[in-house]
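A look at the structure
What follows is the residue order along each chain.
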Amino acid sequence: MEKTRRDYSIFKKFDFTYKPVGIKFLLNKPADIKQLDKSMPICQMLREAQISHPFYAGKDNFSCVDRLLLGFIEPEPTMEGGKIGEKEKIYQEARANGRIYQYVPRVIKGTVRYVAFSQADEMSFEPDVLIFTARPDQAEIIMRALSYSTGKPLSTKWTPVLSCAWIFFQPYVNGELNYTMTGLGYGIRIKKLFPEGMALISVPYDQIAMLIENLKEMEWVLPITLLNDEERQKYSVKVTEEIKKEYLNG
């Protein structure tokens, strides 16, 4: 596995309670990190990576619907037919639950045999997906950095079940940023992996460099947020007057 080309130390400035985790989807077994010695769902592997050294997981390490999304098992009508969601009262009818399988991202069978996990400051690989578990105030900075240089709106996709598909696979398969909250996904919520109300932000590899550069350049705490109402009004007037002056002199 290659060494990292980028400097990820900027993320230490956040002082995250739950460290960012890089994930790499691999065809071949990595040579420089150890295999996980137990089985668990991929959502739990995220938490495991935050409290341990880098590891990789193979087919037998995964223990949930993640095996389907990774192409390790064949689709089953009893699952994709949607009856589970109907019987568990998550969806009105099987047709509603069944519909999500037309949308959830999954990798092409046989193209991924292993998945590597590592805290951002211990990575020996360039991640395919970088996942942040952040407080709202930290998430605001990350989200702003992801549109700071482009102005593009940020959107998300999510379903009440298979939320792991959107956290782990959507950015990798479709190259789209995704985000959700820790209290929304059933797996994370049931297992109590994180406190509710934390932001989970999944960044695809082709947006990571931009994120790092924007975090280095932009102001993390905006001046206007530090002012009281009176000061903020004066500040806004000053900014407006400067813009008008520049326009008239332009």
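Our subject is the structure that appears above.
Residues numbered from 1 in each chain as written. Predicted model: local features only at pLDDT ≥ 70, side-chain atom pairs only at ≥ 80, totals over all residues. Heavy atoms only, no water.

A look at the pairing of strand E4 (residues 114–119)
Quick reminder of the rule: The buried label goes to any residue with under 20% of its type's maximum accessible area, the exposed label to any with over 50%, and the partly exposed label to all in between, with areas taken from a 1.4 Å probe on protein chains only. Every helix listed is a DSSP run of H or I at least four residues long, and every strand listed is a run of E at least two residues long, numbered separately from the N terminus. DSSP calls a pair of strands paired once it identifies at least 2 bridges connecting them.
Taking burial as the measure, the six residues of E4 include six buried ones, the bulk of the element. Here E4 shows no split at all, with Tyr114, Ala116 and Ser118 on one side and Val115, Phe117 and Gln119 on the other all buried. Two elements, strand E1 (residues 18–26) and E4, share six bridges in a ladder whose sense is antiparallel. Residue pairing in the sheet places leucine 26 in a bridge with tyrosine 114 of E4. As paired elements, strand E3 (residues 55–57) and E4 share three bridges and run antiparallel to each other. Residue pairing across strands places phenylalanine 55 opposite phenylalanine 117, the latter belonging to E4.

Thoughts on the nonpolar core
Side chains of nonpolar character tend, in soluble globular proteins, to be buried together. Short version of the rule: As used here, the term nonpolar core means buried Ala, Val, Leu, Ile, Met, Phe, Trp, Tyr and Cys residues forming a set that is joined through side-chain atoms within 4.5 Å. Whether two residues touch is decided by their heavy atoms; if any such pair falls within 4.5 Å, the residues are in contact.
If you look at the biggest cluster of nonpolar residues, it comprises 43 residues, and the most contacted ones within it are Phe117 and Phe168. Among the secondary structure elements, those contributing two or more residues to this core are E1, helix H1 (42–50), E3, helix H2 (66–69), E4, strand E5 (129–134) and helix H7 (163–174). A per-element tally of this core places H7 first, with six residues. Ignoring sequence-local partners within four residues, the contact set of phenylalanine 117 consists of Val21, Gly22, Ile23, Ile42, Met45, Leu46, Ala49, Pro54, Phe55, Ala57, Phe125 and Phe168.

Regarding the side chain of asparagine 97
With respect to the helices and strands, the residue asparagine 97 is situated in helix H5 (residues 94–99). Given the relative accessible area of 5%, asparagine 97 is considered buried.

Details of the pairing of strand E6 (residues 178–181)
Because side chains alternate across E6, one face comprises the buried residues Asn178 and Thr180, and the other comprises Tyr179 and Met181, none of which is buried. The sheet contact formed by E6 and strand E7 (residues 199–204) spans four bridges and is antiparallel. The residue bridging asparagine 178 from the neighbouring strand is serine 202, located in E7.

Quick look at the sheet that holds E3
Pairing is mixed across the open sheet formed by seven strands, whose spatial order is E2-E3-E4-E1-E5-E7-E6. Each having just a single partner strand, strand E2 (34–35) and E6 make up the two edges of the open sheet. Where E5 lies against E7, six bridges are found, and the strand directions are antiparallel. The partner of leucine 130 across the bridge, within E7, is valine 203.

Remarks on H7
One turn of the α-helix equals 3.6 residues, which is why residues spaced by three or four share an orientation. Put simply, the rule reads: By definition here, a helix of n residues has an expected span of 1.5 Å times n minus one.
With twelve residues, H7 should reach 16 Å at 1.5 Å per residue; the first-to-last C-alpha distance of 15 Å fits that figure. Buried residues dominate H7, accounting for nine of its twelve residues. Within H7, burial applies to Ser163, Cys164, Ala165, Trp166, Ile167, Phe168, Phe169, Gln170 and Pro171. Where H7 terminates, the next one or two residues include glycine 175, which has phi positive at roughly 70 degrees.

Overview of the packing of aromatic side chains
Put simply, the rule reads: Aromatic pairing here means that ring centres of Phe, Tyr or Trp (its six-membered ring) are within 6.5 Å. Orientation follows from the plane angle: under 30 degrees is stacked, over 60 is edge-to-face, and everything else is tilted.
Taken as a whole and judged by the stated rule, the model has eleven aromatic pairs. Arranged with centres 4.7 Å apart and planes meeting at 20 degrees, the rings of phenylalanine 14 and phenylalanine 16 form a pair that is stacked. As far as the burial class goes, phenylalanine 14 and phenylalanine 16 line up, both buried. One aromatic cluster is present, formed by Tyr8, Phe11, Phe14, Phe16, Phe132 and Trp220 through successive ring pairs.

Topic: a nonpolar patch on the surface
Counted only if it meets this: Patches were defined on residues exceeding 30% relative accessible area and lacking a salt bridge, with like-charge contacts within 9 Å and nonpolar side-chain contacts (Val, Leu, Ile, Met, Phe, Trp, Tyr) within 5 Å. Here the accessible surface of atoms and residues is derived via Shrake-Rupley with a 1.4 Å probe, and residues count as covered only by protein chains that are part of the display. When a carboxyl oxygen of Asp or Glu is within 4 Å of a side-chain nitrogen of Lys or Arg, the pair counts as a salt bridge.
A surface patch of nonpolar side chains, about 360 Å² in accessible area, is lined by Leu222, Ile224, Tyr235, Val239 and Ile243. Along the chain, the position of tyrosine 235 falls in helix H10 (residues 229–248).

Focus on the pattern of salt bridges
Using the criterion set out here, one finds 14 salt bridges in the structure. Notably, a salt bridge pairs glutamate 93 with arginine 95, separated by 3.7 Å at the nearest N-O pair. Among the residues examined, glutamate 93 registers a relative accessible area of 34% and is labelled partly exposed. Classification of arginine 95 as exposed rests on a relative accessible area of 61%. Between lysine 234 and glutamate 230 there is a salt bridge, with the nearest N and O atoms lying 3.5 Å from each other. Of this pair, lysine 234 and glutamate 230 both sit in helix H10, separated by four residues, roughly a single helical turn. Residue class for glutamate 230 comes out exposed when judged on its relative accessible area of 52%.

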